[in-house]
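Structural overview
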Amino acid sequence: MREIRTEQITELVEKLCIDANCRLSDDIYSCLGKCCTTEKSPLGQKVLGTLVENARMARENFDPICQDTGMTVVFVTVGQDAHVTGGSLEDAINEGVRRGYEKGFLRKSVVKDPLDRVNTKDNTPAVIHYDIVPGDEFHITVAPKGFGSENMSQLKMLKPSQGLQGVKDFVIQTVSEAGANPCPPIIVGVGIGGTMEKSALLSKKALLLPVDQANPNPDLAKIEEELLQSINDLGIGPAGFGGSTTALAVHIVTYPTHIAGLPVSVNIGCHVTRHSEGHL
Amino acid sequence: MEENIQLTTPLSEETIKKLKAGDMVYISGVVYTARDAAHKRMCELLDQGEPMPFDFTGAAIYYAGPCPAKPGRSIGSVGPTTSGRMDLYAPRLMKEGLKVMIGKGLRNQEVIDAIVSTNGVYFAAIGGAAALMGQSVQSAEIVAFEDLGTEAVRRLVMENLPVIVAIDSQGRNIYDEGRKVYQQSL
């Protein structure tokens, strides 16, 4: 059985927190650059140019791309033959968040209680999702989520009779209502199926997929393309000032569901949609 | 739409009247950061008849909570947060003399009405371009509510913060107008 020490996990999480917040992923970076040439609005082009310049500067100086360095969402994939030693896995992850946010000069945006609202001052606790898989791998994705876009995300339990059209209408309605708030151009994660919470988790995982990667299922790929076109036809544009680039990508992830239900979650990611991953 | 308008706070009534939705402006001078928690506290102070943490006459508020400053710098990345969360408080603060708001996203009708009735202006900064905007900050000091961390009220001296007039003193707004121009259907 492979042993993984908690100190290694803390070190990795620390590094990934800083990396995710300061280094815009290559796929989004190059997509923003391409959109500068396809955007129809002159003001929109300027906004996109500013976003590229901002990302370039953040990379160079290791500054946070955006001041909202998010609530730290951590996806852990652990092989069932891997063994974590030296303490609690959860504590190790939170210690990595604590160190990363301090050393990286990242903003501490977490309050201990959603009603009392006192800041924890170290951005902990993280929101941690575990997947147990065969083998002995240990993989972590750190995806700090900003709340400008998180606040504009929605979930709806549709009726099966509403079908694909109902799903499409809900996605478009969610993006339209979000308008300028989630910092367009956005990335749209759509989770369809499962139960209420499963669809929400699928939609968040969908945001981690590369913006230039089409769905491996051709039917879903076609739906993604149609949704992207409809979203860009809304005219919201870069920063919401009007334009033809409202979203960079739509990703759909599905799961089997109940005979009585059609859960749909739409998780909106901003043009930063921070994520960084590593193995141990 | 005008480009390259250079303004220094506090803005005069005349200056505000001339600004039109869509104008590109570079703001210099003093702006105060305040977001959710600071707004709640300021309105509680007003309820209790207590003095405000800074002079509101002609003041500019930037809806922002910065990242910590690296050594040798005055502030970290600092871009706008979603203004709509402050809609509940803004009309009341405008009655106290607040003239200029800087943030991102559309405001509700009450705020638009207050902007028109008090001859105010709402600027939009580009959400997410925070590393660049941090470069516009010449100095930063906490003036109230230090316990709130990033949500404390800070007095920033800006140099050429790039913004767009999002809602002008006539109540016109770039979000609705810009979107209509590029909307293809629906």
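Residues numbered from 1 in each chain as written. Chains lettered and ligands numbered in written order. Predicted model: local features only at pLDDT ≥ 70, side-chain atom pairs only at ≥ 80, totals over all residues. Heavy atoms only, no water.

Observations regarding the overall build of chain B
Along its length, chain B carries six helices and seven strands. The linear arrangement of helices and strands in chain B, starting from the amino end, is β-α-β-α-β-α-β-α-β-α-β-β-α. In terms of overall dimensions, chain B is globule-like: its C-alpha atoms have a radius of gyration of 16 Å, near the 16 Å expected for 186 residues. With the C-alpha coordinates aligned to their principal axes, the bounding extent of chain B is approximately 45 × 40 × 35 Å. Out of the 186 residues belonging to chain B, those deemed buried represent 59%. (Helix = DSSP H or I, 4+ residues; strand = E, 2+ residues; numbered from the N terminus. Rg over C-alpha atoms; globule rule 2.2 N^0.38 Å. Buried < 20%, exposed > 50% of the residue type's maximum accessible area, 1.4 Å probe, protein only.)

Let's talk about the pattern of salt bridges
In total, this model carries 28 salt bridges over all chains according to the counting rule given. The partner of E95(A) in a salt bridge is R98(A), with the nearest N and O atoms 2.6 Å apart. With E95(A) and R98(A) both in helix α4 (residues 89–103), this residue pair falls three residues apart, about one helical turn. Taking relative accessible area as the criterion, R98(A) reaches 33% and is therefore assigned partly exposed. Among the salt bridges present, the one from R172(B) reaches E177(B), with a minimum N-O distance of 2.9 Å. Classification of R172(B) as partly exposed rests on a relative accessible area of 34%. Salt bridges sharing common partners tie together E95(A), R98(A), R99(A) and D122(A). (Salt bridge = Lys/Arg side-chain N within 4 Å of Asp/Glu carboxyl O.)

Some words on the domain arrangement of chain A
Residues and elements named next belong to chain A. Examined at the domain level, chain A breaks down into domain 1 (2–20 + 65–145) and domain 2 (148–275). Centre-to-centre separation of domain 1 and domain 2, based on C-alpha positions: 26 Å. Residue-level contacts link 14 residues of domain 1 with 14 residues of domain 2. Carbon and sulfur atoms make up 65% of the surface buried where domain 1 meets domain 2, a total of about 1100 Å² over both sides. (Domains from an automatic or database assignment. Contact = heavy atoms within 4.5 Å. Buried area = accessible area lost by both parts, 1.4 Å probe.)

Describing the UniProt feature "domain: Fe-S hydro-lyase tartrate dehydratase alpha-type catalytic" (unreviewed entry) in chain A
Within this numbering scheme, the UniProt entry marks residues 11–277 of chain A as carrying the feature "domain: Fe-S hydro-lyase tartrate dehydratase alpha-type catalytic" (unreviewed entry). For residues 11–277 of chain A, the helix share is 40%, the strand share is 24%, and the end-to-end C-alpha distance is 13 Å. (UniProt positions renumbered as here; feature names shortened; annotations may be inferred.)

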